[in-house]
Amino acid sequence: MNSCELTMAVTAFANAIAAKLESPEEIAAVASVFVLLGDAMAAISAQQILCQLQHDKEKSC
């Protein structure tokens, strides 16, 4: 899947979810959960990268 296909799929997913919700407040609440999920995953990934870099640095000494 290329970047254009990915963004189109995510947009379609967002539209499908929003269509099932009853108010702008519900949409905002669900959106905030997905933002939190993305931020948590980014933090996990960054921590894993830092740990791997530290591990690689220690092996070379």
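Everything that follows concerns the structure shown earlier in this document.
Just so we're clear, the structure is a prediction, and the values are computed from it rather than from any experiment.

Conventions adopted
- Residues numbered from 1 in each chain as written.
- Predicted model: local features only at pLDDT ≥ 70, side-chain atom pairs only at ≥ 80, totals over all residues.
- Heavy atoms only, no water.
- Helix = DSSP H or I, 4+ residues; strand = E, 2+ residues; numbered from the N terminus.
- Rg over C-alpha atoms; globule rule 2.2 N^0.38 Å.
- Buried < 20%, exposed > 50% of the residue type's maximum accessible area, 1.4 Å probe, protein only.
- Areas by Shrake-Rupley, 256 points an atom, 1.4 Å probe, with all protein chains shown as cover.
- Phe/Tyr/Trp six-rings, centres within 6.5 Å; stacked < 30°, edge-to-face > 60°.
- Patch = residues over 30% accessible without salt bridge, like charges linked within 9 Å, V, L, I, M, F, W, Y side chains within 5 Å.
- Salt bridge = Lys/Arg side-chain N within 4 Å of Asp/Glu carboxyl O.
- Expected span 1.5 Å × (residues − 1).
- Polar contact = N/O pair within 3.5 Å; in protein donor to acceptor, adjacent residues only side chain to side chain.

A.B. asks: Help me out: how do you make sense of the overall build of the protein in this one?
C.D. replies: Counting its regular elements, the protein contains 2 helices and 0 strands. Its C-alpha atoms give the protein a radius of gyration of 18 Å, clearly above 10 Å, the size a compact globule of 61 residues would have. Referenced to the eigenvectors of the C-alpha coordinate spread, the extents of the protein come out at roughly 60 × 25 × 10 Å. Scored against the burial criterion, the 61 residues of the protein give a buried share of 2%. Split by element, the accessible area of the protein, about 5,300 Å² in all, is 68% carbon and sulfur.

A.B. asks: Please clarify how the packing of aromatic side chains should be interpreted in this entry.
C.D. replies: Here the distance between the centres and the angle between the planes together describe a pair of aromatic rings. According to the stated counting rule, one finds 1 aromatic pair in the structure shown. On the basis of an interplanar angle of 80 degrees and a centroid distance of 6.3 Å, the ring pair of phenylalanine 13 and phenylalanine 34 is categorised as edge-to-face. Within this pair, whereas phenylalanine 13 is found in helix α1 (residues 3–20), its partner phenylalanine 34 is found in helix α2 (residues 24–60), the two being separated by 21 residues in sequence.

A.B. asks: Please clarify how the environment of proline 24 should be interpreted in this entry.
C.D. replies: By the element assignment, proline 24 lies in helix α2. Considering only alpha carbons, one finds proline 24 and cysteine 51, 27 residues apart in sequence, at a separation of 40 Å.

A.B. asks: Just to check I follow, could you spell out a nonpolar patch on the surface for this structure?
C.D. replies: Judged by side-chain polarity, Phe13, Phe34, Leu37 and Met41 come together as a nonpolar surface patch covering roughly 420 Å² of accessible area. Counting through the fold element by element, methionine 41 comes out in helix α2.

A.B. asks: Please explain α1 as it appears in this structure.
C.D. replies: Working note: α-helix, 3.6 residues per turn, so residues spaced by three or four point in the same direction. Taking 1.5 Å per residue, 18 residues should reach 26 Å; α1 reaches 26 Å between its end C-alpha atoms and fits that length. Structurally, the start of α1 carries an N-cap: the backbone nitrogen of cysteine 4 is 3.0 Å from a side-chain oxygen of asparagine 2.

A.B. asks: Could you clarify how one ought to interpret the environment of alanine 18 in this entry?
C.D. replies: Positionally, alanine 18 belongs in helix α1. Linking alanine 18 and cysteine 4, residues 14 residues apart in sequence, is a C-alpha distance of 21 Å.

A.B. asks: It is not clear to me how the environment of lysine 59 should be interpreted in this structure. Could you clarify?
C.D. replies: Note on placement: lysine 59 falls in helix α2. Residue lysine 59 is classed as exposed on the basis of its relative accessible area, which comes to 63%. Note: C-alpha distance between lysine 59 and valine 30 (29 residues apart in sequence) is 44 Å.

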